[in-house]
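Below are the chains, spelled out letter by letter.
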Amino acid sequence: IDELPAADIEHAGSAALATLAGCQHVKPERQHGRTQDLGDMLQSACDGGSGLACETLARALEIGDGRGVEKARVAALKARACALGYQLSCPPPGGP
């Protein structure tokens, strides 16, 4: 691992996370000479019906990058994840 470029290590980690989040059927596309990023892969998997990918993307957006959280998008992703049957995204009975 010490000999691998940081970008290769980051790509391997992103690919592993994407697989865990249900993105294994989403093929990375080359865009402007770079592989599609993990957020794009999660969105594609969510659009394709993976509730886990929707929830994973929502959580990533909640953590954010310090520039603010897109609360409406997070809520929409969690609602879609719930509608797709990912129960951990569903509000508790009698909750919000």
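All of the points below concern the structure found in this document. Quick caveat, the model's predicted, so the values are computed rather than measured.

Right, let's get into the pattern of salt bridges. If you walk through the whole model with that rule in mind, you get three salt bridges. Arg59 is the salt-bridge partner of Glu55, the closest N and O atoms lying 2.5 Å from each other. Separated by four residues within a single helix, Glu55 and Arg59 lie in helix H3 (residues 51-63), roughly one turn from each other. Given the relative accessible area of 3%, Glu55 is considered buried. Exposure remark for Arg59: the relative accessible area of 45% places this residue in the partly exposed category. One connected set of salt bridges, linked through shared partners, spans Glu55, Arg59, Glu62 and Lys78.

Moving on, we come to the nonpolar core. One recurring pattern in soluble globular proteins is that nonpolar side chains are buried together. Counting 12 residues, the largest nonpolar core is built from Leu38, Leu42, Ala45, Cys46, Ala53, Cys54, Leu57, Ala58, Leu61, Val74, Leu77 and Ala81. Secondary-structure elements contributing two or more residues to this core are helix H2 (38-47), H3 and helix H4 (71-83). With five residues, H3 is the largest single contributor of residues to this core. Those residues in contact with Ala81, other than ones at most four positions away along the chain, are Gly51, Cys54, Glu55, Tyr86 and Ser89.

This brings us to the state of the cysteines. With the rule as written, the count across this model stands at two disulfides. The side chain of Cys46 participates in a disulfide bridge whose partner is Cys54; the two sulfur atoms lie 1.9 Å from each other. Across the disulfide from Cys46 to Cys54, rotation about the S-S bond amounts to roughly 95 degrees, and the bridge is consequently right-handed. Both residues of the pair, Cys46 and Cys54, belong to the buried class. Two residues, Cys82 and Cys90, share a disulfide whose sulfurs are 2.0 Å apart. Judged by the torsion about the S-S bond (105 degrees), the Cys82/Cys90 disulfide is right-handed. Judged by its relative accessible area of 19%, Cys90 is buried. If one numbers only the bonded cysteines of the protein chain, in the order they occur, the disulfide pattern is 1-2, 3-4.

This brings us to the packing of H2 against H4. The contact between H2 and H4 brings their axes to 11 Å, and the two run at 45 degrees. Classed by the angle they form, the pair H2 and H4 counts as oblique. Handedness of the crossing formed by H2 with H4: left-handed. Contacts between H2 and H4 pair Gln43, Cys46 and Asp47 from the former with Arg73, Leu77 and Arg80 from the latter.

It is worth spelling out the environment of Glu70 at this point. Mapping Glu70 onto the fold places it in the loop between H3 and H4. Overall, the relative accessible area of 45% leaves Glu70 in the partly exposed class. Distance from Glu70 to Ala58, taken between C-alpha atoms, is 9.4 Å for residues 12 residues apart in sequence.

The rules behind each value
Residues numbered from 1 in each chain as written. Predicted model: local features only at pLDDT ≥ 70, side-chain atom pairs only at ≥ 80, totals over all residues. Heavy atoms only, no water. Salt bridge = Lys/Arg side-chain N within 4 Å of Asp/Glu carboxyl O. Helix = DSSP H or I, 4+ residues; strand = E, 2+ residues; numbered from the N terminus. Buried < 20%, exposed > 50% of the residue type's maximum accessible area, 1.4 Å probe, protein only. Core = buried A, V, L, I, M, F, W, Y, C linked by side-chain atoms within 4.5 Å. Contact = heavy atoms within 4.5 Å. Disulfide = S-S within 2.5 Å. Axes fitted to C-alpha atoms, helices over the stretch in contact; angles between N-to-C directions. Parallel < 35°, antiparallel > 145°, perpendicular 65-115°, else oblique. Left-handed = near helix turned anticlockwise from the far one by under 90°.

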